Each structure stands twice: as structure tokens, then as C-alpha cells.
Protein chains: 4
Amino acid sequence: KRARELGIAPGVLTPGKLNSITDVNGVLVGHTTLIKADSIRTGVTAILPHNGNVFQQKVPAGIFIGNGFGKLAGSTQVMELGNIESPIILTNTLSVSTAMNAVVGYTLQQAGNENVQSVNALVGETNDGWLNDIRGRHVQEQDVLNAIKNAGSNVTEGNAGAGTGTVCFGFKGGIGTASRQLPKSLGGYTVGVLVQTNYGGVLQVDGIPVGEELKKFSFSNQLLNNVDGSCMIVIATDAPLDSRNLERLAARSMLGLGKTGGIASNGSGDYAIAFSTHAGVRIPHQPDSTVFTMPLLHNDYTSPLFMAVIEATEEAILNSLFMATTTTGYKGRKIEALPVNTIKELLKKYNHKP
Amino acid sequence: KRARELGIAPGVLTPGKLNSITDVNGVLVGHTTLIKADSIRTGVTAILPHNGNVFQQKVPAGIFIGNGFGKLAGSTQVMELGNIESPIILTNTLSVSTAMNAVVGYTLQQAGNENVQSVNALVGETNDGWLNDIRGRHVQEQDVLNAIKNAGSNVTEGNAGAGTGTVCFGFKGGIGTASRQLPKSLGGYTVGVLVQTNYGGVLQVDGIPVGEELKKFSFSNQLLNNVDGSCMIVIATDAPLDSRNLERLAARSMLGLGKTGGIASNGSGDYAIAFSTHAGVRIPHQPDSTVFTMPLLHNDYTSPLFMAVIEATEEAILNSLFMATTTTGYKGRKIEALPVNTIKELLKKYNHKP
Amino acid sequence: KRARELGIAPGVLTPGKLNSITDVNGVLVGHTTLIKADSIRTGVTAILPHNGNVFQQKVPAGIFIGNGFGKLAGSTQVMELGNIESPIILTNTLSVSTAMNAVVGYTLQQAGNENVQSVNALVGETNDGWLNDIRGRHVQEQDVLNAIKNAGSNVTEGNAGAGTGTVCFGFKGGIGTASRQLPKSLGGYTVGVLVQTNYGGVLQVDGIPVGEELKKFSFSNQLLNNVDGSCMIVIATDAPLDSRNLERLAARSMLGLGKTGGIASNGSGDYAIAFSTHAGVRIPHQPDSTVFTMPLLHNDYTSPLFMAVIEATEEAILNSLFMATTTTGYKGRKIEALPVNTIKELLKKYNHKP
Amino acid sequence: KRARELGIAPGVLTPGKLNSITDVNGVLVGHTTLIKADSIRTGVTAILPHNGNVFQQKVPAGIFIGNGFGKLAGSTQVMELGNIESPIILTNTLSVSTAMNAVVGYTLQQAGNENVQSVNALVGETNDGWLNDIRGRHVQEQDVLNAIKNAGSNVTEGNAGAGTGTVCFGFKGGIGTASRQLPKSLGGYTVGVLVQTNYGGVLQVDGIPVGEELKKFSFSNQLLNNVDGSCMIVIATDAPLDSRNLERLAARSMLGLGKTGGIASNGSGDYAIAFSTHAGVRIPHQPDSTVFTMPLLHNDYTSPLFMAVIEATEEAILNSLFMATTTTGYKGRKIEALPVNTIKELLKKYNHKP
């Protein structure tokens, strides 16, 4: 069950219809989940900013680097030019190059891109090497292409796609998503978040000190001293923002991560990628004229979006945990799912509002 | 009473002796508090990295800009050269120039600085214009010099110094401090934090949804829509870190701010300044030789410090609120202190661990 | 005489009418020059993005930090919010606080700003402490206000305003300006640059190795080993650029500095500030609606502007040298003007195109 | 012939023995050059910081992004952790993923890395799509491994390795290298630079306006309007610098690029990577203790290194042009080598010092 079905509803704003990144108009998500034999527990997740040719119709974007111990490919061009020109791919650390290669091939072959000679593939990762034989590099280019092809508005959470083998707060993590829709008076915009969770800290569930109660948190004992990892955060909004304000939006997602008890440890590659799907801010690869006109939300009206991204990130992370299932993988290692019944008891103990 | 006296003890690590930034060896803090007539509610807080000549014996430092809508003077030189060469001063937005001028004068006149022709004054601020007649610019250079002269290891919290007129989550904010001491097995280092709180969001007290319970949070009604503001965060540690890892340490403090419910709104100038007091990492203004030797903590061992700064920031912010008192100021405006009795009831309601 | 009058015309593009930053529509420049007694050789230069209320009608802006060993006040807010809301002031290192204070006062008192409680004064500096009694801090607030009041389209170069006491490549430096106007086919935009030169390296004049010929360059002898200093670069354009592309434009100016033989030494605080005066990109302090519309030049068409800023920076720097005059100042120190007759001979020797 | 053999010796400092990046103790460079059929004109260049296991013995490093329109993989981790843990690979834009994959495989298989689960491959590129069938993605992983295996202290320049198909200022570019050795009085350190040149602007050769004389420069006519491209710059030094000062060193290389007439156009992905080979600053992957000791050059003594990197970059770029040969490639396109005889005449015309 998702967090909200258990009465866990962080924040004061309201989710969108699906409580998913795909509540943002046009955004699609697809997975390839690789579970094979005893040791392959990995996969690919693709996020498409819109369903057309993203290279020809780029979306404005910003990236915030919470902690740069990661291999995100494509970051510098997004930051320099302020836009994304490919699907966003998440996978495991050692398969970034495979995914990049697939995205380059995919883009070169799209209709309309016959003369394209430069593609900025945006590929993030976390390290699933505890449960997955990561050194085996089992992700194939076709797996990436399939994730793109599979993309739809329904997002499988937990052990799916790039979250198949990840570990979060010592429990099984994975993919999670959530959204917030602002009231009309604050603009009516939607903010959606998708996360790939694989990091440590001291788990808090909507304020309840779960990590402490379960005596399972970073540095609590030898075992957990090296619960490093990473968190990839992808953010979509239909608000008309340019790259500067999208980068600011991305930065706020780290506060949502903080609210779950994350500590952005040394080894955690924490990156947030934000883009706008607003039709008016699309950036054509080959513009009709040298000057184009963009609608832009004034700085003064961005704060509700910041609040929305914090809430949606917190809830997306919780969903990644609540939707994940106990997994045994590489070298017979077993990672338990979050103990939902115990959590329910803690919700009661702490008199959590229903 | 401080948060901890009420049983509010965020996190899993242990505070230092004073639970204050001054637990870090050598750090001194001084205030000048200006409460005059009906409309002056402002002041100055000085943080001294050590009690010698900071210009001659600089400390390595890093700055993280959580949100750059602020007037922090001196940031670029700290980031370029990796060190701090003056006391750190906090005051109100429109008095940064006065404080800068005072710090420049102070440094020029220190014994040993007779030939100094360049001083990088590091002066931060938040905007206390709701309770204080900020346009009157009532801070004088002497007030800044007094704050430096007054500096000691005892830190007054709440309505003191640069926190005299600030507002946080709609309640009276101010100055707060806290610290964490790592266990020997994790290095035994101390991390201390001092904050000047003046920002909005949805207040959470060690996980308890106080803002929601009190129906007092950003965007909850017209009144609170513009609770902008800022948070200055000053971090000291005795761990041997260079500017790169101090900047990383500074970045984590924003997660502590997030845990209190802060949203780093558009108008909130949120800056974190971190420095190391470790004797081995001092940087002489005039070195004996071109190459000097520095002990440095390896990246792999920084994560416990990151956890410590998150916890100490959260608690310092709570202290700034719990220690503040109801204040009436400019134009007769009144800002209530956090209602401690109500909070106590909420602690019970939510079965908060004592 | 200006460089171009001597046949020195770097680059391939054409200057604007005045070959000045004031060729960019609406930009105004004013100086206060302080030459008093034996030891005061300093001043203030003000650059106004337009002649209205800049706080109410902000201009988009970007800042590039070539080397952050400087005291530029206001940088973080410009970079975060992407705009400038005050006149840009240049002065000496130890008078930044005075200038800030003056700009704050000026802005608070402008008609229409009666309720303003936060002002981001943008104040840069270089260190004129060789010729000027900088520790005396002789710049007064009134000097800053006068520079603003004096602002017009005529820019005095050389020993004027903030360039009164500066030294560049061991010669008398100062204020210089230049501009480029793109041909219609490349957009027809104007780029103007104003510099305050106070740095070292190995002087090259439009490719001619003047520093080497005169045996006067950094590290050539004991005297020149410490020719540190700084260069402030202010860039205006009428092209419709947002802060992202203005920051990119600013970054290119360092290449122009490089072409004069500058080395951005450790002690040189080199900052470039770029803003757009295009009427369509103004950012109202209090917008009529939450979303506004901005015309923006597509990334693909920015390169000619980059070329223009490099050329204009190089020429502005040369103008600062060619227009400066021999100066005796603090402690009887004398800095010679560039020896124009020798340069003319070198132009012949190297067969410089007339 | 190399530039210096023609009497072209930019700057005032002296080159190292080979005038090559390999003058820096321990640095090795290898190429794989792919010239096949009519349309394959590409390759790989590998730079090894030292000849041991770079993953186990990392080198401190900094990256400066001159213009981020490029695909440099691995940048964020280098900037966050301050070190390089793999060979540096240069290739063409669409083969970055292949090279990444090869470097990951190479590192996983090195003796001592049996348990490694995370590798940060540092792979840069420029776009050789004018002369090379870049969409064919002809670089194979084995080509990358061969470049690493081939690495030695002899560096082939011009049409070699990753420079096989590149174009610079409208002429054939490629790989170039140069170095500077500081006099003992300035530290005696060596700075070496290797470039992959593929960019436009207005060519200047040691101050001589070659581009203007040949009427061949960006925006001079329709044909040259899109001479975009990129420049990768790799910098080695034996000075004991940490990542902060290495990043500053890297930033100065752009001034050397500027001196050749480069303009860092919109489409030019210009990145500079700097590392130190000093034995004392190596960073062990698995440290013996939590705190290690590093010798560090004091900030005040870095300026001569900055001057050295500017000079060496300028000369390395000239070498890439002077050593390249006329090339016919993809679609029968032909790019001429720099016309050396004409240049010699220009050297005479401009009375260039021999």
C-alpha cells in the first residue's frame, strides 16, 4: 500500500489525481525490471518530459547537486543551456554508459533527427551493488529502449525499474512518486516527483521516529556504518519556469529528503532534476526566429511550488519504501521491506492523525 | 526554557557540554541588543572563530547558499580562497554596510595589522522589518564593535543580538544554538551551530506538526502568504576539514532547516557558513614557507559530521523559538512567542518521548 | 588619446557611436574623483542600467566570478534572482561598505520606494592602496551619491572615479570603456563594456608584446612580483537576454582580459557583471500579474555577442591605460602612464596595421 | 613542425624538456587513431595521471567549465570529492558512452580493484562530425583500452587520437601539448597542458592576426557562421595543490584559449581538467587512518602557476594547429592544415621576434 492509504499524508497541500509525477500533463514513466537468477536485481526507469520528440522540442530544466558523489551524465549541458533534450534515464551506477549509449542511439534514430550529430543523454544512477551483481553490468541497451517504449502514466513503485535492487534506511527502497496540486489562488500548478531511493540516515515517517524506534539507522552499529547510496530525484511541473527557477525548485527537494531522515552522506550521490512541461516554455531545436517569447512566473510566486516539491519529495520517498517488498539477491543477501505492521503500531503509539 | 529542557531532543547524537556553538573549542559569541522606544527591535551578533587575530590566523571555511535572496557580504572571497579572516557578523538587512564598515575598522586597528590594506568582512543578515523600524538603520558601528568585545562562551538565545526583531513560522524567532559531539569511534569531533531565524513554512517540532495543529503556516491564509524572511546558519567544528568539506558540511544544515518545516521560500536568504577551528588547519596570512602541511579528514569519514550538523541545526532553530519572548515593536505590531504550554500539550498528545 | 585614435582597434567588429558602454541605450555613467593632498587618489564610478527607478524596474543580470578574491557586495542575490535593482557602484576595496550604505540610502529615498525594506546594493572594488591612502577610507557617502547624480552618457576614462588610483601592468590604469555593434545580419545588438583596471600580467597591446619589450611584467623582478590587484568589468547589452545568458556573456569578458596579457593572479578580484537594457526584459518589482512574458534570444544566436564582449573588454582595458596619466600619490609613490611614444614605435616595429 | 620550431614561443616562461604534458612527472598519454575508408576520422586519447592504479591512488583534481555545451562524463564527482580515480579519456561526442564503458571495465579488472562497485570514468569530447561519420559511432571499447595501453611520454600531436577529425578556426585542429617550468625562485614546478582543439573565433598566433589576414574567422561569412565545436583542456602539475586551487588553475587556461582568438561560442563545450601529480597529495582509496596529512602550496604562491597554464595552453593549441595535416573525410569534405608558409610570411611581415 502507498503511504497515503495508511493515512500518512505529509504536508498541507493536496496531491494530484494519481499522486504521481504523471499528474503533470504529458509526463510519462516506464520501467524495465531485471530480476534474474540469484544475483541480478536491477533495472531501468525512463521519464519522458513529453510524448513528442524531446530533442526537437526541448524543455527548460535545472539541476541541483545535493551531493555530487554520483555519475549523472549530461548535467553540465543542462545547466549551461537550461534545457533537456532526451528522456531522463535512471539505472545502476555501472550501467550509466550503457544507458547513455542507448539514449544516443534512440535520439539519432527518431524521425526528424536525421541530421543530429550531438545528443545530451541525461542518465542518473544509484548503486544497487548490495543486492545486485553490479559488476556484472547486466543492463542491456535494449532494456533502456524498452523502458522508454513502455512509458505511460501508470507508475509502478517499489522494486521496479531502477529501484529493483536499491536499499534505503536499511530497508528495501526503490521507485516512489507523488504530486501536489496548488490551489487556484496560488496558481493551480502541479508539481510531481519521482525518486530512486538508495540512501541512509535516521528514518522518520511523517515526523514519527521510525529509525530510532526500530534501532536501525546510520552509525547505530557496525553494520549500518556504510549504508551509503544515493537518491535521484526527478521533478516535473506545469508552471512556466525557466532554468533558473527550475534549479531553485530542484534545490528544495533536498529538504523533503531531509524530512525523511536522509543525511546526504559522503557516498550518497544526490541529484535533483527539474523540468517544466508548460507548452509556452518549450525550446525548439531549430527556432523559427532568433528571438522567441516565453511566459515566466515571477520570482515572487514561486514559494508555493517550493513547498509543493518538499511535500511531494517526502511522500515519494515514503512511497518507495512502503511499496517495496523484501528482496533476496546477490550473495544471498536479504533486505527486508519496511515492516508495515510495526509502522502501523508506531502510527498509533504516536497518535498520528489518520 | 531551551527545547531540550522540555524533553525535545532531535536526533540520535549527544550535544556538547553547553549544547552551543561555543562547545567548539575557541569559538566565542557576543551580542548587542537594541531595544529602544516603540520601534527599534534589532541588534548585532558576532561569532569569533578564535580569540586571536583572525586576519593573521585565518580559518578554513566554506559557504553554502541555500537561497541567495540575501545580502551576505564577503561570500565570494571565502569561497575562492577557502578561508575566513574576520569575525562573522549577523545583523539586519539594511545594516550590513554599517557592520562591514565596523569590521573593516576593527581589523585595520588590530595589533599586527598595521599594513593591511584589504579586509574581507563577512556579514550576514535577516530582515527584521516587521518588528523593527529597519528603514531607520539604527545599528551603529559601535554596536558592532561592542558585540565583538562582548564575545564569550555564553550565548544568549531568543530575542538577542541579531535575533531581537526576527519572526519565524509566524512566531517570535531569534538566535538559537546547539551542538553535537561525535562518539570517539566516529572521530570524537564537535559540531556547533548558531542560527538567526526569520523564515516561514510549516513548523514541525521534533516531528510534531505544530504548525498544522495551530493552523499557522505559510499560505494558510492571506496574512501568512508573505512570511518571507531568511535564516543565517553559522557552523563551527574542530574536525580538520578544508574548505571543500566545510562547504559540504554547510550544505547539510539546510536539511536540518527542512526538518523544522522551513521551505526556503523565494524571499528567504538562507546561507550557511562553516569553519574549522582545528589548530592544524589554520592558514597564516604570512606563511613561513610557500608550502604548509595540513591534516585533513578523509572524505569517507565526513558523514557523521553531516548527521551532526543536521541535528544541531534543527535543535538550534528550535532553541531560537523556545527561548524567544513575545515582542511588540514597529507600528505596534505584536508577535507572540511560541505557546509553550500548548506545545507541551501537543508533546503529550503525540506521545513524544520524554 | 584613446587606443583607437592611435590605430589600435582590436577585433573584427565595429564599435558603437561613442565606443562606450553608454552606446547601449539608456546606460549612464558618473564619476566622483578624489584627488586631495599628497595621499588621496581614489573615487567612485556609478553605472546606471537605465535612468528610471531601477529598484522598481529591475534589469536581468548575470555575474561571472573570474577570481573571487574581492569584495563585490550583492553578488549572491543577483545570481539567485537574476536581476539588478540598484545602480552599480565601483570604488576602492575599503570603501565598499560606505558605497553600500549610500546606495541603500539612495534607494530608500527614491520616489516610489517608500515601503521598501530590502535593497541589494551592487558594489565592486579594486585595491588602489599603492597610490591612495586606502586605510584612511576617504570616500564619503556623498561622493557616491554625487557619482550617481553626475551620471551621463559621456564617460571620462583613465584617472577618473574608481580608477583614480589604480595600477595596471605596472602602469597607471583606471577606467576604460568600449563597445561593439553587431551587423544587422547578426542581430544588430550593441554590447558595451566599462572596466576598472588594477591588475598584472604581461601587457599585450592588440597582439604586440609591450610588456616583454619594456621588460615590465609580473614576476620579471622583485618589484613586480606582487602586482596583484583586480579588474571589475561591467557589461551592458540591448539584446534580450535572461540572467543565464547574461552570465555566459559575462564569462567571455575574461577572454578579453586574457588578450591584454592579464593572468587573473591569486590576489586579483576579477568580476564581470552583465545586464540587459532591452525594454521587454525589465522585471517589475511589483508585477501586474503572476506570469509575465519575456522576449529571449535563442541560445544559438548568442555567439556574436560573446565575440563582441571579448573585443570590447580588450579595447576598454586598453583605453583605461591609454587615457591614464602619470600619478604621484601615497608615500610619494609614482606610477608612470603607458609611454605612448614608445608604444607608437612598437606599433611601427611590429608593423601594426593602422 | 611545432610552433616553437618556427620561432613561435608565446609568453615569458620556459618550457619543460619535451614541452609536453608529459614533462610533469609520471603523466602518460596514449592515442588510438581511427582513419578508415572515406568517412572515419576519429579516435581516442588517454591521459594517465600516473602509471599505477589510479583508482586506489587518486589524484586531487579540479574542473572548470568554460562553456558547458558538452558531454564531459564524471565532472560532478570530481568537483564534489576533489579527485580523479580513472584515466582521462578524450574522444568524439557520440562515443563518450563507449569510452565510459571501457574505462569502467578497465578499472573493475585492474588488480586490486576486485571489490570495486563504483567507478567515476572521466570522459571528455569534442564533435568531429564535419570530417568524421560521427553518427556511425565507430569508436570501440577496445580502441579506448588500446589508447590506455599505448600511453607513454611521447605525445603525437595534430591528427592523432581524439584530434583525428577536429577542426579549429576553420583549419585542421587536433591534439596539441606544451609545458612550462617555473624558475626555482617561483617554486620550480612544472605545468603541462594537452588540448583537443575543435573551436572557432579569430585566430591569433602569438599576437599576429592570422585569422584577419587570411579573412577566415567566425561570422566573416555564411560558411563560418557555424564553426562551433569545443575545446578540451587537460592540465597536469607537480605543484602540491588541492582541488580548490586546481580548479582555479583550470579556470586560467581559458585565458590561454582567448589569446589564440577563441571565443567560447555557444556551441563550444570548453572544459578544463587539472590534477596534481605531487606524491604528497595522493588520496588513497582506502586510507590507513581517518586523517591524512597533505602538503599544500599557500594561495599566495599560485600566481606563477596561473601564468604558466595560460602560456602552455596557448602554445598547446598552436601546436595542435601547426602539427595537423590537411584532411579529407566524411562526404568528401576537406579541411586544410594551417598554411605554414603563409604564416611564416606573416611572422616576417609583423616582425615577429625569432
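Worth saying up front: this structure is predicted, and the values here are computed from it rather than measured.

J.: Before we move on, could you go through the overall build of chain A and cite the residues and values that matter?
T.: From N to C terminus, chain A includes 7 helices and 16 strands. The C-alpha radius of gyration computed for chain A amounts to 19 Å, which stays within 12% of the reference 20 Å derived for 354 residues, consistent with globular compactness. On the principal axes, the C-alpha backbone points of chain A span a range of 60 × 50 × 30 Å. By residue count, 72% of the 354 residues in chain A fall in the buried class. The contacts of chain A with a sequence gap of at least 6 include a subset with a gap of at least 24, amounting to 79%. As displayed, chain A offers around 10,300 Å² of accessible surface, 48% of which is attributable to carbon and sulfur atoms.

J.: Describe the interface of chain B and chain A, naming the residues involved and giving the relevant values.
T.: Counting from both sides, the interface comprises 40 residues of chain B and, opposite them, 40 residues of chain A. Surface buried jointly by chain B and chain A totals about 3,300 Å² across both partners, of which 58% is contributed by carbon and sulfur atoms. A per-residue breakdown of the area chain B buries against chain A is headed by Phe219, Leu255 and Asn266 of chain B, which together make up 19% of the total. When residues of the side of chain B that touches chain A are traced back to their parent elements, those giving at least two are strand 3 (57–67), helix 5 (243–259) and helix 6 (303–322) of chain B. For the side of chain B that touches chain A, the element with the highest residue contribution is helix 5 of chain B, accounting for 7 residues. Each residue belonging to the side of chain B that touches chain A can be placed in one class, and the counts come to 16 nonpolar, 15 polar and 9 charged.

J.: Tell me about the relation of the copies chain B and chain A, and please be specific about residues and values.
T.: Turning one copy of the chain about an axis and sliding it along that axis gives the other copy, so a rotation and a shift relate them. Once chain B has been moved 0.0 Å along the axis and rotated by 180°, it coincides with chain A to within an RMSD of 0.0 Å. In the structure described here, the two chain copies are related by an operation that fits a two-fold rotation axis. It is Gly207 of chain B whose C-alpha, among those of chain B, lies nearest the rotation axis, at 1.8 Å.

J.: Just give me the short version of helix 3 (residues 141–149) of chain A, but keep the residues and values in it.
T.: Residue and element names in this part refer to chain A. Among the residues of helix 3, those classed as buried are Asp143, Val144, Ala147 and Ile148. What you see down the axis of helix 3 is that its buried residues fit within an arc of 140°, all on one side. On the buried face of helix 3, the contacting elements are strand 1 (28–36), strand 2 (40–48), strand 5 (88–92) and helix 2 (96–109).

J.: Which residues make up the pattern of salt bridges, and what values do they have?
T.: By the definition in use, this model includes 32 salt bridges over all chains. Put simply, Glu315 of chain B and Arg4 of chain B hold a salt bridge, and the shortest N to O gap is 2.7 Å. On the criterion of sequence distance, the pair formed by Glu315 of chain B in helix 6 and Arg4 of chain B in the segment before strand 1 (28–36) is long-range, its members being 311 residues apart. If you follow the salt bridges from partner to partner, you end up with Arg4, Arg180, Glu311 and Glu315 of chain A in one network.

J.: Outline the interface of chain C and chain A, listing residues and values.
T.: Of the residues lining the interface, 28 residues belong to chain C; the matching set on chain A comes to 28 residues. Overall, the association of chain C and chain A removes approximately 2,100 Å² of surface from exposure, summing both partners, and the carbon and sulfur fraction of that is 56%. At the boundary of chain C and chain A, one finds 2 salt bridges. Between Arg248 of chain C and Glu80 of chain A there is a salt bridge, with its nearest N and O atoms 2.6 Å apart. At the junction of chain C with chain A, the criterion picks out 15 residue pairs in polar contact (both at pLDDT 80 or more). At the level of elements, helix 1 (75–81), helix 5 (243–259), strand 13 (283–284) and strand 14 (291–297) of chain C are the ones that each hand at least two residues to the side of chain C that touches chain A. With 7 residues, strand 14 of chain C is the single largest residue contributor to the side of chain C that touches chain A.

J.: Help me get a handle on the relation of the copies chain C and chain A, residues and values and all.
T.: Placing chain C over chain A gives an RMSD of 0.0 Å and needs a rotation angle of 180°, together with 0.0 Å of translation along the axis. Of the interface residues in chain C, 100% have counterparts in chain A that sit at the interface too, so the contact is made through matching surfaces.

J.: Lay out the state of the cysteines with the relevant residues and their values.
T.: Counted by the stated rule, this structure contains 0 disulfides over all chains. Its sulfur unpaired, Cys168 of chain A is 6.7 Å from the next cysteine sulfur, which belongs to Cys231 of chain A.

J.: I'd like a rundown of the pairing of strand 1 (residues 28–36) of chain C, residues and numbers included.
T.: Residue and element names in this part refer to chain C. In terms of strand pairing, strand 1 meets strand 2 (residues 40–48) through 9 bridges, oriented antiparallel. Along strand 2, the bridge assignment pairs Leu34 with Thr42. Connecting strand 1 to the next strand, strand 2, in antiparallel fashion are 3 residues, including Ala37 with a positive phi near 50°.

J.: Any chance you could break down the sheet that holds strand 1 (residues 28–36) of chain D for me, citing the residues and the numbers?
T.: Residues and elements named next belong to chain D. Reading across from one edge, 1-2-5-6 is the order of the 4 strands in this open sheet, with mixed pairing throughout. On the outer flanks of this sheet lie strand 1 and strand 6 (122–126), each paired with one strand and no other. Each strand of the sheet is rotated relative to its neighbour by a mean of 15°, with strand direction disregarded.

J.: Requested: an account of the packing of helix 5 (residues 243–259) of chain A against helix 5 of chain B, with residues and values cited.
T.: Remark: helix 5 of chain A packs on helix 5 of chain B, axes separated minimally by 8 Å, with the N-to-C direction vectors making an angle of 70°. Judged on the interaxial angle alone, helix 5 of chain B and helix 5 of chain A are roughly perpendicular. In terms of crossing hand, the pair formed by helix 5 of chain A and helix 5 of chain B is right-handed. Here helix 5 of chain A contributes Met254, Leu255, Leu257, Gly258 and Lys259 of chain A to the contact with helix 5 of chain B, which in turn contributes Met254, Leu255, Leu257, Gly258 and Lys259 of chain B. Its residues assigned to classes, the contact of helix 5 of chain A with helix 5 of chain B shows 6 nonpolar, 2 polar and 2 charged.

J.: Can you explain the sheet that holds strand 6 (residues 122–126) of chain C? Please cite residues and give values.
T.: Residue and element names in this part refer to chain C. Strand order in the open sheet formed by 4 strands is 1-2-5-6, with mixed pairing between adjacent strands. Two strands lie at the open edges of the sheet, namely strand 1 and strand 6, each paired on one side alone. Taken pair by pair, the neighbouring strands of this sheet meet at an average axis angle of 15°, ignoring direction. Pairing geometry for strand 2 and strand 5 (residues 88–92), over 3 bridges, is antiparallel. Within strand 5, the position partnered with Thr45 by the bridge is Leu90.

J.: Would you mind going over the packing of helix 2 (residues 96–109) of chain C against helix 3 (residues 141–149) of chain C in detail, with residue names and values included?
T.: All names here are of chain C. In the contact formed by helix 2 and helix 3, the axes pass within 8 Å of each other and the chain directions differ by 60°. As the angle between them shows, helix 2 and helix 3 are arranged oblique. Both helix 2 and helix 3 take part in a crossing whose hand is right-handed. Facing Thr98, Ala99, Asn101, Ala102, Val103 and Tyr106 of helix 2, the residues of helix 3 in contact are Glu141, Val144, Leu145 and Ile148. Looking at the contact of helix 2 with helix 3 residue by residue, the classes come out as 7 nonpolar, 2 polar and 1 charged.

J.: Go over unusual backbone geometry with me, naming the residues and quoting the values.
T.: All names here are of chain D. Here the phi dihedral of Asn19 falls at roughly 50°; this positive angle occurs in a residue that is not glycine. Looking at the element boundaries, Asn19 is found in the segment before strand 1. Residue classification places Asn19 among the buried positions, given a relative accessible area of 6%. A positive phi angle, close to 50°, is found at Lys215, a residue other than glycine.

J.: Can you lay out helix 7 (residues 340–349) of chain B for me, pointing to particular residues and giving the numbers?
T.: Residue and element names in this part refer to chain B. Taken together, the buried positions of helix 7 are Ile343, Leu346 and Leu347. Summarising the axial view, the buried residues of helix 7 lie within an arc of 105°, below the 170-degree limit, and thus occupy one face. Seen from the open side of helix 7, the exposed residues pointing more than 90 degrees away from its buried face are Asn341, Glu345 and Lys348. For helix 7, the secondary structure elements touched by its buried residues are helix 4 (210–213) and helix 6. Looking one or two residues past helix 7, Asn351 carries a phi angle of roughly 55°, positive in sign.

How each quantity is defined
Residues numbered from 1 in each chain as written. Chains lettered and ligands numbered in written order. Predicted model: local features only at pLDDT ≥ 70, side-chain atom pairs only at ≥ 80, totals over all residues. Heavy atoms only, no water. Helix = DSSP H or I, 4+ residues; strand = E, 2+ residues; numbered from the N terminus. Rg over C-alpha atoms; globule rule 2.2 N^0.38 Å. Buried < 20%, exposed > 50% of the residue type's maximum accessible area, 1.4 Å probe, protein only. Contact = heavy atoms within 4.5 Å. Areas by Shrake-Rupley, 256 points an atom, 1.4 Å probe, with all protein chains shown as cover. Buried area = accessible area lost by both parts, 1.4 Å probe. Nonpolar A, V, L, I, M, F, W, Y, C, P; charged D, E, K, R; others polar. Least-squares fit on C-alpha atoms with pLDDT ≥ 70 in both. Arc of directions from axis to C-beta. Salt bridge = Lys/Arg side-chain N within 4 Å of Asp/Glu carboxyl O. Polar contact = N/O pair within 3.5 Å; in protein donor to acceptor, adjacent residues only side chain to side chain. Disulfide = S-S within 2.5 Å. Pairing = 2+ DSSP bridges. Axes fitted to C-alpha atoms, helices over the stretch in contact; angles between N-to-C directions. Parallel < 35°, antiparallel > 145°, perpendicular 65-115°, else oblique. Left-handed = near helix turned anticlockwise from the far one by under 90°.

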